[in-house]
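Residue-level structure breakdown
The primary structure of each chain is shown beneath.
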Amino acid sequence: MRCVNCRKNAGYNRAVIELFSGVEIGGLCMNCERDEFGRHFDSSTDADRCCSLCNRDGQVQFPRYVPETHVRDGDLVVESSIETGDAVPCLCDEHFHELLEEPSQPRSVTL
């Protein structure tokens, strides 16, 4: 899966999912998350699915991949699932398109 920002391999950091259809658009790699949003996504607690950067309705969500370890037949197996709950950060369509179009520009935050 490719990072929606830098287009490199996103790894298992965050999925990028369109909220209304549930379609997985791609991923957001750890470097782009840090460069574009700093620690802003870490403190997301919005249960109303509003944009993490403004007050508009969220259109795209960025859930983390959560690793889980299991022992199967004596082997340690790691599986990842997508985080659920109200603390999953979202972006409105405008801020999401900024992320797609200008990967090196800092984001503005409206409080």
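Note that the structure is predicted; figures quoted are calculated from it, not measured.

Parameters and conventions
- Residues numbered from 1 in each chain as written.
- Predicted model: local features only at pLDDT ≥ 70, side-chain atom pairs only at ≥ 80, totals over all residues.
- Heavy atoms only, no water.
- Helix = DSSP H or I, 4+ residues; strand = E, 2+ residues; numbered from the N terminus.
- Polar contact = N/O pair within 3.5 Å; in protein donor to acceptor, adjacent residues only side chain to side chain.
- Salt bridge = Lys/Arg side-chain N within 4 Å of Asp/Glu carboxyl O.
- Buried < 20%, exposed > 50% of the residue type's maximum accessible area, 1.4 Å probe, protein only.
- Pairing = 2+ DSSP bridges.
- Contact = heavy atoms within 4.5 Å.
- Axes fitted to C-alpha atoms, helices over the stretch in contact; angles between N-to-C directions.
- Phe/Tyr/Trp six-rings, centres within 6.5 Å; stacked < 30°, edge-to-face > 60°.
- Core = buried A, V, L, I, M, F, W, Y, C linked by side-chain atoms within 4.5 Å.
- Arc of directions from axis to C-beta.

Some words on the side chain of Glu 36
Tracing the sequence through the fold places Glu 36 in helix H1 (residues 30-37). At a separation of 3.3 Å, a polar atom in the side chain of Glu 36 contacts the side chain of Asn 5.

A closer look at the pattern of salt bridges
By the definition in use, this model includes five salt bridges. Here Glu 33 ties to Arg 14 by a salt bridge, and the two come within 3.0 Å at their closest N and O atoms. Of the two residues, Glu 33 sits in helix H1 while Arg 14 sits in strand E1 (residues 14-18), which places them 19 residues apart along the sequence. Residue classification places Glu 33 among the buried residues on the basis of a relative accessible area of 6%. Its relative accessible area of 2% is what places Arg 14 among the buried residues.

Overview of the sheet that holds E1
Strand pairs in the sheet, formed through backbone hydrogen bonds, run parallel or antiparallel to each other. Strand order in the open sheet formed by four strands is E2-E1-E3-E6, and the pairing between neighbours is antiparallel. Two strands bound the open sheet, and with one partner strand each, they are strand E2 (24-28) and strand E6 (90-91). Packing of H1 onto the sheet brings it into contact with E1, E2 and E6, and relative to E2 it is tilted by some 80°.

Some thoughts on the packing of aromatic side chains
All chains considered together, the criterion is met by four aromatic pairs. Ring geometry for Phe 37 and Phe 41: centres 4.4 Å apart, planes at 15°, overall stacked. Across the pair, Phe 41 and Phe 37 agree in class, each one buried. Grouped by ring-pair contacts, the aromatic residues Phe 37, Phe 41, Phe 62 and Phe 96 constitute a single cluster.

Here we look at the side chain of Gln 61
Topologically, Gln 61 is positioned in strand E3 (residues 60-61). Gln 61 sits in the buried class, given a relative accessible area of 14%. Not counting residues within four places of it along the chain, the set of residues in contact with Gln 61 comprises Ala 15, Val 16, Ile 17, Leu 19, Arg 49, Val 88, Pro 89 and Cys 90.

A closer look at the nonpolar core
When a protein is soluble and globular, its nonpolar side chains tend to lie buried together. Counting residues in each nonpolar core, the largest one holds 18 residues, and the members touching the most others are Val 16, Leu 28, Phe 37, Phe 62, Leu 91, Phe 96 and Leu 99. Listing elements by their share of this core, those giving two or more residues are H1 and helix H2 (93-101).

As for H2
Turning to H2, its buried residues number three or more, namely His 95, Phe 96 and Leu 99. What you see down the axis of H2 is that its buried residues fit within an arc of 105°, all on one side. The secondary structure elements touched by the buried residues of H2 are E1, E2, H1, E3 and E6.

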